[in-house]
Amino acid sequence: MLRDETKLRAYFADAPDDISLDDVDITRIPSHVSFIMDGNGRWAQARGLDRSRGHVAGVDSLRETVTTSVRLGVDVLSAYAFSTENWKRPQREVNLLMHLFATTLVKELPLFHQENVRLKFLGDLDALPKETRDVFQRGLDETASYDGMTFALAVNYGSRAEIARAARLIAEEVAAGTMRPEDVDVEAVSQRLYTAGLPDPDLLVRTSGELRLSNYLLWQLAYTEMYVTDLYWPDFNRWEYLRAIRAFQGRGRRYGGVVNA
Ligand code: FPP
């Protein structure tokens, strides 16, 4: 993706001691970077605040992550905002999150317009409250023609349910006679996932030190490099993003093959 180098340099001025833009090769920025935004609740509790304050603070980190991704020239940014399991949280917290998604999206739409960002959602949106669904649809409609970065937000998303849904769609097509069983291959499944048309993530970043995937993009993460930071999501910033990219660029990706094959 094209990047504005002047804006990029200005954005990463005032570097801390241990990391700067010079530590990454800006010609080898990962195409798709994905985030499991974890630790909002613990960030708030550590400050004696209500968990909801952690989610509100998490919005600021997400905004900075969108901007950092645009400045670096990332093609696709994706983030896990609400899982199919998150409905089990206290009703008050679920309500707050749904409202926060809607109000944040309305507030941030100008940023997407300004930066040519196309919105996409991963997950079953039918189960969301009408307010949230309507705002999401507005975001989709208003950014559909943009060809800059794609920002895919996973809401009411679960990877196993996503794969089961793809299997069901394929079974229906086979039953209808529009698809032959021998045409069911990796590509056919990929095309029926919520991420259809997007490249697989090159880099997955998870905050708050947890070493698990939590039912996130299980199919798509097959060859993705992972970076786990102990920072809670509200503390995640552009510098930690650069550290993640530096770590990514230090890895040798072999996709099951051998080096220099
Ligand atoms: C994980 O922290 C975070 C979430 C479940 C929600 C993600 C929401 C945001 C980052 C806020 C804004 C997002 C949008 C799209 C406007 P946690 O609650 O699991 O934290 P814990 O593990 O410390 O309890």
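For the structure, see preceding data.
On a predicted model such as this, the values are computed, not experimentally measured, just so you know.

Thresholds, definitions, all that
Residues numbered from 1 in each chain as written. Predicted model: local features only at pLDDT ≥ 70, side-chain atom pairs only at ≥ 80, totals over all residues. Heavy atoms only, no water. Pairing = 2+ DSSP bridges. Helix = DSSP H or I, 4+ residues; strand = E, 2+ residues; numbered from the N terminus. Axes fitted to C-alpha atoms, helices over the stretch in contact; angles between N-to-C directions. Near = heavy atom within 4 Å. Polar contact = N/O pair within 3.5 Å; in protein donor to acceptor, adjacent residues only side chain to side chain. Areas by Shrake-Rupley, 256 points an atom, 1.4 Å probe, with all protein chains shown as cover. Nonpolar A, V, L, I, M, F, W, Y, C, P; charged D, E, K, R; others polar. Parallel < 35°, antiparallel > 145°, perpendicular 65-115°, else oblique. Left-handed = near helix turned anticlockwise from the far one by under 90°. Contact = heavy atoms within 4.5 Å. Expected span 1.5 Å × (residues − 1). Bend = angle between axes of the 7 residues up to and from the residue.

The next subject is the sheet that holds strand β3 (residues 118-122). Backbone-to-backbone hydrogen bonds pair the strands of a sheet. The strands run either parallel or antiparallel. Across the sheet, six strands lie side by side as β3-β4-β2-β1-β5-β6; this open sheet has parallel pairing. Edge strands, defined here as strands with exactly one partner in the open sheet, are β3 and β6 (225-228). Direction aside, the axes of adjacent strands within the sheet are offset by 20° on average. Looking at chain direction, strand β1 (residues 32-36) and strand β5 (residues 203-206) are connected through four bridges and run parallel.

Another point: the site of the ligand. Taken together, 18 residues sit near the ligand, with Met37, Gly41, Arg42, Arg51 and Arg89 positioned nearest. At a separation of 3.3 Å, an oxygen atom of the ligand approaches a polar backbone atom of Gly39. The side chain of Arg89 places a nitrogen or oxygen atom 2.8 Å from an oxygen atom of the ligand. Contact with the protein chains removes 92% of the 620 Å² of surface that the ligand exposes when unbound. Top element by residues in the shell around the ligand is helix α3 (residues 51-72). It accounts for four residues. Classifying every residue of the shell around the ligand gives eight nonpolar, six polar and four charged.

Attention now moves to the packing of α3 against helix α4 (residues 91-115). The N-to-C vectors of α3 and α4 enclose an angle of 25°; their axes lie 11 Å apart at closest approach. Regarding the angle of α3 to α4, the classification is roughly parallel. For α3 against α4, the interelement crossing comes out right-handed. Contact with α3, carried on its side by Arg51, Ser52, His55, Val56, Val59, Arg63, Val66, Thr67, Val70 and Arg71, involves Glu93, Leu96, Leu97, Leu100, Thr104, Lys107, Glu108, Leu111, Phe112 and Glu115 of α4 and no other residues of that element. Partitioning the contact of α3 with α4 into residue classes produces nine nonpolar, four polar and seven charged.

This part takes up α4. Along its 25 residues, α4 runs 35 Å from first to last C-alpha, staying within 8% of the 36 Å computed at 1.5 Å per residue. The axis of α4 is deflected most strongly, by about 40°, at Glu108, and proline Pro110 appears within four residues downstream. One or two residues past the end of α4 sits Asn116, with phi positive at roughly 65°.

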